[in-house]
Amino acid sequence: MNFGMILDFVIMICGVYVIYETVQMKTGSKIPEMLTGKGFLMEQAKDPAGFIHFILPYTLGTGIALLVSGLFGMFEILETCPPAETVMRVALVVVIVVYGMVLMYAQKKYLAG
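Numbering of residues starts from 1 in each chain and follows the order in which that chain's sequence is written. Only residues with pLDDT of at least 70 get local features here, since the model is predicted, and only at 80 or more are side-chain atom pairs given and counted; chain-wide, interface and lining totals rely on the full set of residues. Each side-chain value is worked out from all heavy atoms of the structure, with water and hydrogens disregarded.

1. Brief notes about the overall build of the protein
Note on conventions: DSSP H or I runs of at least 4 residues are helices, E runs of at least 2 residues are strands, and numbering of each starts at the N terminus. Helix and strand content of the protein: four helices and zero strands. Element order for the protein, N to C, with α for helix and β for strand: α-α-α-α. Dimensions along the principal axes, computed over C-alpha positions, put the protein at roughly 50 × 20 × 20 Å. The buried label goes to any residue with under 20% of its type's maximum accessible area, the exposed label to any with over 50%, and the partly exposed label to all in between, with areas taken from a 1.4 Å probe on protein chains only. When the 113 residues of the protein are sorted by exposure, 32% land in the buried category. Any two residues having at least one pair of non-hydrogen atoms within 4.5 Å are treated as being in contact. The contacts in the protein between residues at least 6 apart in sequence include a share of 74% that link residues at least 24 apart. Total accessible area on the protein is roughly 7,200 Å²; 72% of this is exposed by carbon and sulfur atoms. Of the side-chain charges in the protein, 7 are positive and 8 negative, and the distance between the mean point of each set is 14 Å. Only the protein chains shown count as cover for residues, and all accessible areas are computed by the Shrake-Rupley method using a 1.4 Å probe. Charge assignment: positive for Lys and Arg, negative for Asp and Glu; neither His nor the chain ends contribute. All charge positions are set by atom: Lys at NZ, Arg at CZ, Asp at CG, Glu at CD.

Structure (structure tokens):
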């Protein structure tokens, strides 16, 4: 087992965790701490329901992207085509950066008062 496979396993586990938290957010209408930051008081949120409605598809999409990327890497699906693997890795970085920007926007609009 090499370092790349371990890293892909960690990426896959992160994807599973993000998807799990997304499902919990949808069913329980509670915002997970990973989306608000440690110590954020939900009583101070302007519109928690609006935040959940807005961020839910982005969070689910990011979780799926992490899961798929981790699975492709672990099982070396794209090993025979290095350019495709590079494109997948760059796309994952873009997804994470865009998600971070969207999350910051949603926090300012729906949570910060």
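2. Side note on the packing of helix 3 (residues 48–74) against helix 4 (residues 82–111)
In the contact formed by helix 3 and helix 4, the axes pass within 10 Å of each other and the chain directions differ by 165°. In terms of orientation, helix 3 and helix 4 fall into the roughly antiparallel class. Between helix 3 and helix 4 lies a crossing whose hand is left-handed. Taken together, the residues that form the contact of helix 3 with helix 4 break down as 19 nonpolar, six polar and one charged. Structural elements are reduced to axes, namely lines fitted to C-alpha atoms, with helices fitted over the stretch in contact, and the angle between N-to-C directions of any two is expressed from 0 to 180 degrees. Here roughly perpendicular refers to angles of 65 to 115 degrees, roughly parallel to angles under 35, roughly antiparallel to angles over 145, and oblique to all remaining angles. Helix crossings fall into two classes, left-handed where the near helix is turned counterclockwise from the far one by less than a right angle and right-handed where it is turned clockwise. Following the grouping adopted for this structure description, the nonpolar residues are Ala, Val, Leu, Ile, Met, Phe, Trp, Tyr, Cys and Pro, the charged ones are Asp, Glu, Lys and Arg, and the polar ones are all others, Gly among them.

3. With respect to unusual backbone geometry
Comment: phi is negative for the bulk of residues other than glycine, and the bulk of peptide bonds are trans. Despite not being glycine, Ser29 has its phi angle at roughly 55°, a positive value. By secondary structure assignment, the location of Ser29 is in the loop between helix 1 (3–28) and helix 2 (33–36). Among the residues examined, Ser29 registers a relative accessible area of 56% and is labelled exposed. For Glu76, which is not a glycine, the phi torsion comes out positive at approximately 50°. Tracing the backbone shows Glu76 in the loop between helix 3 and helix 4.

4. Here we look at the side chain of Asp8
The residue Asp8 is located in helix 1 in this model. With a relative accessible area of 5%, Asp8 lands in the buried category. For Asp8, the contacting residues outside a window of four places in its chain are Ser69, Gly70, Gly73, Met74 and Arg89.

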